[in-house]
Structure formats: structure tokens, C-alpha cells
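Letter by letter, the chains look like this.
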Amino acid sequence: MSENNLRDTKDDFELLEVIYSSDRDTTILYDLVNMVTDFEIFEHIDKPFITAQIALLDTTNFVQNVDLQGGEKIRISIQSKETEADNDSITKNFIIDKVIKSQRADEKTEVFYIHCFEDIAFKSSLININKFYNDTPTNIIQNIVSEYMGRNLISSLDQYQTNMQVIVPNMHPIEAASWIKNRITSVDGLPYYFYSTFANDDLYLVDLGQLLTRSPINRKAPFTYIKSMAQQFKTDNFIPILSYKHENIDDVLTLIRRGYVGASYNFLNTLTGQNVNCNFDVKEDVFDQLDEHAMFKEQKRYNFGSGEKVNDIPLSSHNSEIITHISGNGSYNNGNYNVRTIDEELDPIAYKKRISSSALRHFMTKAPITVQVQGRPFIRGTGDYSIGNVARLLFLDSNRRTDETADPDYKKSGDYLMYAARHSFSVRTPNRLTTSVLCARLSMHHDNLSVGDFVNV
Amino acid sequence: MYKNHFYGDETRWFIGRVVDNNDPLYLGRVKVRIHGIHTGSTQDIPEYALPWAQVVLPVTEEGTTGYGSNPAILPTAQVFGIFLDGKNSQLPLVIGSIPKIESDVEEGPNTYSPSTTDDNLPGTTNEEKTFRYLISADQHAYTPVQACGIIGNLLHESGLNPLAVSQVPGEDSFGIAQWNPAVNRKQELIEYCVQNGFDYTSLFGQLKFLKYDLDNTYGYRVNKKLGDLKDASTIDQASKIFEFQYERPQKGSTQDRIDKARKVFERLA
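Residues numbered from 1 in each chain as written. Chains lettered and ligands numbered in written order. Predicted model: local features only at pLDDT ≥ 70, side-chain atom pairs only at ≥ 80, totals over all residues. Heavy atoms only, no water.

Residues and elements named next belong to chain B. At a minimum axis separation of 9 Å, helix α7 (residues 235-247) and helix α8 (residues 254-268) run at an interaxial angle of 130°. With respect to each other, α7 and α8 are oriented oblique. The chirality of how α7 crosses α8 is right-handed. Of the residues in α8, those in contact with Ile 235, Asp 236, Ser 239, Lys 240, Glu 243, Phe 244 and Glu 247 of α7 are Thr 254, Arg 257, Ile 258, Ala 261, Arg 262 and Phe 265. Tallied by class, the residues present in the contact of α7 with α8 amount to five nonpolar, two polar and six charged. (Axes fitted to C-alpha atoms, helices over the stretch in contact; angles between N-to-C directions. Helix = DSSP H or I, 4+ residues; strand = E, 2+ residues; numbered from the N terminus. Parallel < 35°, antiparallel > 145°, perpendicular 65-115°, else oblique. Left-handed = near helix turned anticlockwise from the far one by under 90°. Contact = heavy atoms within 4.5 Å. Nonpolar A, V, L, I, M, F, W, Y, C, P; charged D, E, K, R; others polar.)

Below, the structure is given as C-alpha cells:
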């Protein structure tokens, strides 16, 4: 079946069950399927858990009878209806953290909007870690995940990071794992992302290089906003973008003020009294390095206008900020100087990689675009249509040509990392699912491709 | 990467209790178990894992190499300080001590208590604990005769006190076997304990290292001209092998070591 013909069948999905349970009375299990009118599920590449918001139409005094207090469980099972053969379902376990609001629809009917965290996140909030670790950052995160979160961690293997010694200073498991994650880089100075997806229960710890070099999931059928040209091509070649949002982008001044364009970084070690100075230039230290490693073969116009100058000096050559931090005081040095703690590096180059990593994380979201598309592919459970994968978008530029030689809008078109997603399920007749995907990227294509190139690659 | 651009904007202060002032770098640093940051559980945060805190000296001291006095804070002192890295809380700096009413029993979750791993050793005295550990099947099991030969030496070296520091000026050998930092032995003890999650200041950690050392490193380090300790069949033989091939002290203490070994044998074996 072509992806563009998804709407041919009746429902986008089937809501199999929405089971409510409470430990206060374990004999009661309510299936709320008939009460749910809408629900949304959110996933984000900086969060190793998903959240949900559920609208319940209460005509039976349900909320009053169960005495909803927060902490109750909700299990949602959804089945894709993309093909007749679809039998796999996605089941997610949530815990209610709050009722956002309730509204009277009429004298006898009330609508409750309930907010839930995936169980892993709620449970994590109940655990405090105050513990010593002496291991590689990846292994520390692995240990935290297996000991406290009970999930499988899929991580990109990079032996660049050596042992560190830390005492986790009263953090929840997710907070602690993210704390460690934010301090590590790949050997190329790329940041790591720690996330989970709606599609399955695994947790992922993957560096940006691996994420961005993935092949687009919809290479043969990009998300497109070219309604006027739909007839020019086979309908198989498009998944229509229903709407999009492209706001507050290219804010370079904020990045300059945060020290991610050009800045002088200093890392002071009070045990030795030595200061490591790094003059950071995002062009030379980040984007030129990506070019040198041929990280991105197709999209090599980066999200930074490196030719812009002030007083004849490129923006990135200005030391616009002086940033000084204490990296270490030998707190774990028992006579062995090859011991480091969380903000400490043994190699001065590693400090620059850490700055680059942080800059890349921010440049990724410098020019995001949010597109709304049909959500069916996202609930197939196969994991390809999920955050952490690359999606191709296609927009027309403002000229009037409508054939294959027409130019795309390069500022919006191209391959993006799916950074976050909001899946909006509408439980009506027929059941409808739309997904808003926040797409982010570091670079775009050079302007030598036509719309046809995008579609036919 | 950082919330603030200047480290001075991230200060976080603390109150803690000094548990160790035996700084291997001789910079007057102290280990502090900090209230609210370092749990009282010596399982999750053993004493050896606590960070070393640098100590601020008054400006009336010269503050440069070879001049001025050293910090004199002792274990059990209550101290005030700041974390140089703010909420990351890995880099403590002690600014001063806070006098307190001393009591026999310290209360509170961060009260220092001896490592529970020591308590897990069977026996009531360090001598008995050491004997029973050496003849146990954990790593290599020594015969009672061999164990007593070792213990006689350890009693001579340190009285089996795991916190013993050499009284020889400038030597600073440490622990039950008086591992000498000048030839990296103390560092090897610490590294082994850190890697294996033991407290290097505990009897348990030091016994684990001793057995490991005898089974592994030691065999390659010295010429076994007196034979292998594992083959020793008399107290005299075991004591001499341990003395000359492991401890290698200055001459003159052989008989005392043998006498001590014999007494241990009479008491325990």
C-alpha cells in the first residue's frame, strides 16, 4: 500500500484498551476506552521517557468514584490500522501525575484532562541516588539504567571516554544518567542524546554523528508541502505535510551570548594552579572539523553564516564571552594523576571537544521546523518512524514553476533529525492520528538540486 | 554547558565531618563526609571514595612551597566549606572548622562508622580476623603455620593496625604491612582497593590486597631464594620467607617476628 493512500481505510488506529488501576484497591480494573475522546503522546530526544495527556469524558462519576489522587496507573494499547495484516500493538504504561483541568460539558457530564508520565519516569522520581561510581561514563549510565530503571540500553560504542570518579549528589536515576550524559562526547566531539521512543521500551544513548548520518526513513516518499505539484509525480512519492510552523529561528545573537560562536574558555585546576585556555571558534572548531571528517556528504551548508563580520572580524573570531570554570581540584587524586571527575579532562583537547559538543547541541535547534503529518507510520512499532531518525522534508520555493525542474526551498527542505514528536489521537469515527514532528538539523543542501532530485533520489 | 560564565556564581556551601587527614599528596587535604551530599552508607560511598577537600589557610601563612604551616584539622572535626563546582558537588574546599560539643556517640545519618566490610570478617580481634581470613578459601588458602608466619611479621610492622603510619621520619609507610609509598607500594594498595570497591584504610581491604599481592605481583617481584611461602611447613620458615621476600626490612628483627608468630600460633591454631 502506498503511504499516501493511508486515508483510504476507515481508522488510523484502534484503541485496544485504556486500563485504569490503583494500588489502593487492586480488585478494580477499569477499561476507559469508551471514555477517552482524545489523547496526546509526547516524545523528545532529550528525555528518556514519554508523557501523555488524556481527555476523559466522564458521564458515570468515574473520577469521583475512584477518588483520583495522582499516582494511579494507566495502560494504553494501540494498534496500527495501516494494513489489514497489522496485528502488532504498542502498549505503554503510565502513571497519573496530575489532573490538568476539569470542565463541565453540561450538568451531567464533565471532561477531565489528565497528565501522565511513563512509569519509568514516575518511578525514577521516587529514587534518590547518592552513590560513588568509578567507571567509564557509558558504563555508569548503563549501571544506573539497569539497577534503577530496569530497561535495556542501546548505546553507540565509543571507547573515547575514559574512567571518571563521581559521587552522584542526590539525583533521581534519570537526572543522574542525563547529568553524566551531558559531560560526554564522541571522539569527534559530538554530543550524546539519551532518549526513549514511543515505538518500543528500549532506551538509547547515541551520539549526534550516528543520528545525523542515518539514511532518511522516507527517502522515497518525503514529507512534502507541494500541493500544487502533486499531480506531476506518482502519489507514492509524497506524504503530505498538513501544516508547518517555522518560527523564532536563526537566533544567532543568543548563541553568541551563550559562548557557542566565539568565546574564550578557561578551565582552572586548583590542585595544580594550572589553567587550560581554549579559544573557541565555532567555524574552525566545529564546522570545519565536520567537513574534514566528511561527516555530512549531502548537506554541507551549515546553520551558521561564517562569512558575517563585525569590524572586519568574523563573528566566530570574536572572543565575545570569557567563560571560566573550575574543572578540578584533585578531589579523587590518591597519588594517581590519571584520575578525573565529572568536569575534569586529562587531555586539553578534550575540553575543546566538550565545548564543541555543547555548541552543536545548541546549533541543532537553531533553525527547527515543526511539521504536522499523518501519524500512522509512527505507530507501526517498527522503530524507524520515531524520534532519533532522519526524515526528509520538501518545500517549494517561491517561483512559479511546477515541474520536476522547480527549485525546492532549501531553507526548509532537506534531511532533518526528528527531535521531538507529539502524537494526537482523536478517538471518534473514524479514529484519526496526526503527528507533529519537531525537526532539527545542522546543515542544509547546496542549492543545486531540483524538486525532482529530492523525490527521485 | 554552564549556567553561569563565572565559577564564582555557582557556589554551594556545606558542613561536614573530617574522616581522614592522611593526604597521600601531602598538601594538607582532608576527606570530609558532607552532610546531605554523602550518605551515611559506607556501602554506597565508602570512605576511600570520598573526595579530598583542599583546605584554605589564613593569609598570615606564606602559602607557597616550603614556607608556612600545614593544616592541622583532625578526623572527627566539623568543618565548613564550599563546593568549587556548585551543584555538581565533586570539588570540596574546606574554609574552616566549627567547634562543637563532643559526645561519645555521634548521631545523624552521616556519622562515621567503621567499614561494615571489616565487621564481616569472622573473629573478634584483628589478629583473629587476619588469621581466619588467611586460612580461608578466599583467593589462596594458607596453612595455619604459614598464616602465623605472616601475622608475626604484620604484628611487628604495624600491630595489625590498618591505619598505622611509619614512625620513621619521611618514610610514611602505611597499613598492616607498612606498604611504602616511596616504592609505590601504598599507591598499589590504594589502586587495587579503588578498582575493587574496598576501603584501603580497612583491615578487610588490606587483607584482600595482601593475598592478591602474594598470589600475583609478589611472585614476580622478588627472587624466591628461600622458597615459596605456599610451601613453608614451619613457623620459622614461613616467617623468614615473608620477612625477607615480602617485607624486606633492615636486619635485626627476625627473632621478634618469629616469636610473635609462635605466640599467635599458640593462641589461635
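Back to the write-up after that little detour.
With that settled, the discussion passes to the pattern of salt bridges. Per the counting criterion, the structure on display carries 37 salt bridges over all chains. One salt bridge in this structure joins Glu 17 of chain A and Arg 75 of chain A, with 2.8 Å as the shortest N-O distance. Residue Glu 17 of chain A is located in strand β1 (residues 13-21), and its partner Arg 75 of chain A is located in strand β5 (residues 73-80); the two are separated by 58 residues in the primary sequence. The exposure class assigned to Arg 75 of chain A is partly exposed, which follows from its relative accessible area of 32%. We note a salt bridge from Glu 157 of chain B to Arg 257 of chain B, for which the minimum N-O separation is 2.9 Å. Pair noted here: Glu 157 of chain B is in helix α3 (residues 144-158) and Arg 257 of chain B is in helix α8, with a separation of 100 residues, a long-range link. What makes Glu 157 of chain B partly exposed here is its relative accessible area of 22%. For Arg 257 of chain B, a relative accessible area of 1% translates into the label buried. (Salt bridge = Lys/Arg side-chain N within 4 Å of Asp/Glu carboxyl O. Buried < 20%, exposed > 50% of the residue type's maximum accessible area, 1.4 Å probe, protein only.)

All names here are of chain A. Spatially, the three strands line up as an open sheet ordered β16-β15-β20, and their pairing is mixed. Strands with a single pairing partner mark the edges of an open sheet, and in this sheet they are β16 (274-281) and β20 (321-328). Ignoring strand direction, the axes of neighbouring strands in this sheet form an average angle of 20°. Bridge count between strand β15 (residues 262-269) and β16: eight bridges; the pairing is antiparallel. In the sheet register, Ala 263 faces β16, and the bridge partner there is Phe 280. (Pairing = 2+ DSSP bridges.)

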